[in-house]
Amino acid sequence: LFVRLAQGKKDRMLYEPGSKKFEIGKGITLRDGKDITIIAHGEMVGQAYDAAEIVKEEGIDVRVIDMYSIKPFDKELVKQCIDETGHIIVLEDHLMEGGLASSIADWMIDEQITAKSFKRMGIPPVYAGFGSGEELHDKYGYGLNDTVEAIRAAEALTCGIWEDVRAWAHPGMTEKLIQRRVGEVCRGRYDRHDGAARPRLPRWRWSSAGSSRTRWP
């Protein structure tokens, strides 16, 4: 049995003591949502929750899963998330290869389970070096802002924004820059059809009843 713990000096409390039952092989739905699922563990769970709250203002409903049990992980819960949201982001303060994301991806392949999109966020296969947690998260592309952009990119897949951006993207634009442009289109900073700069607009227009939303344009 291997248990990984941080110092705990600055860790935020997500649950009241005794309010949750922790079992090996299970996960907890910290925040429900119907558009995209973020699966995280450790301190990344709090970051995933914060990112979900940020994009809520844009009409994107994100589910956050606390997968505190890594091996075995909660396969039933992951399958439910794939079926109900389609888009999966695995966020972990760990190497992207050989961690939770790899375990989930391997299981999906073995079981022939397909998600609409699957993205892993964490440390690339390099020596991470030194710095504060926040500095390293930002350096390697899995900080809070990166998580928000990943959510926007996953949401953009459902409404064809990726295809629109690729159509006018310069041939020399990298995938990372294209993803950034997708996020900026989602925030209304660029036109999705021709890439022209535009005044900032809301990502979604809600109906007067507040029960449905329409995409622009």
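S.K.: Can you help me understand the packing of aromatic side chains in this one?
M.R.: Working definition: an aromatic ring pair is given by the centre-to-centre distance plus the angle between the planes. One pass over the structure, following the stated rule, counts 4 aromatic pairs. Geometrically, the ring pair formed by Phe73 and Trp107 is edge-to-face, given 5.8 Å between the ring centres and 80° between the ring planes. Of the two residues, Phe73 is situated in the loop between strand E3 (62–66) and helix H2 (75–85) and Trp107 in helix H3 (residues 100–110); the sequence distance between them amounts to 34 residues. The same class applies to Phe73 as to Trp107, namely buried. Between Tyr127 and Phe130 the ring centres are 6.3 Å apart and the planes differ by 75°, which places this aromatic pair in the edge-to-face class. Comparing Tyr127 with Phe130, the two get one shared label, exposed. The structure contains a cluster of three or more aromatic residues connected by ring pairs, namely Tyr15, Phe22 and Tyr68. Here Lys75 stacks its cationic end above the ring of Phe73, 4.7 Å away from the centre of that ring.

S.K.: I keep staring at the side chain of Thr85 and nothing clicks. Help me out?
M.R.: Counting through the fold element by element, Thr85 comes out in helix H2. Here Thr85 falls in the buried class, since its relative accessible area comes to 5%. In this structure the side chain of Thr85 is engaged in a polar contact, spanning 2.8 Å, whose partner is the side chain of Thr37.

S.K.: What exactly am I supposed to notice about the sheet that holds E3 here?
M.R.: In spatial order, the strands read E1-E3-E2-E4-E5; together these 5 strands make up an open sheet with mixed pairing. Strands with a single pairing partner mark the edges of an open sheet, and in this sheet they are strand E1 (28–31) and strand E5 (117–123). Strand-to-strand twist across the sheet, computed as the mean angle between neighbouring axes with direction ignored, equals 25°. In the sheet, strand E4 (residues 87–95) pairs with E5 via 6 bridges, with the strands oriented parallel. Directly across from Ile88, in E5, lies its bridge partner Phe118. Of the strands in this sheet, E1, strand E2 (36–40), E3 and E4 touch helix H1 (residues 44–56), which is tilted by about 170° from E3. In the packing of H2 onto the sheet, contacts are made with E1, E2, E3 and E4, and the angle to E3 comes to roughly 175°.

How each quantity is defined
Residues numbered from 1 in each chain as written. Predicted model: local features only at pLDDT ≥ 70, side-chain atom pairs only at ≥ 80, totals over all residues. Heavy atoms only, no water. Phe/Tyr/Trp six-rings, centres within 6.5 Å; stacked < 30°, edge-to-face > 60°. Helix = DSSP H or I, 4+ residues; strand = E, 2+ residues; numbered from the N terminus. Buried < 20%, exposed > 50% of the residue type's maximum accessible area, 1.4 Å probe, protein only. Lys NZ or Arg CZ within 6 Å of the ring centre and 35° of its normal. Polar contact = N/O pair within 3.5 Å; in protein donor to acceptor, adjacent residues only side chain to side chain. Pairing = 2+ DSSP bridges. Axes fitted to C-alpha atoms, helices over the stretch in contact; angles between N-to-C directions. Contact = heavy atoms within 4.5 Å.

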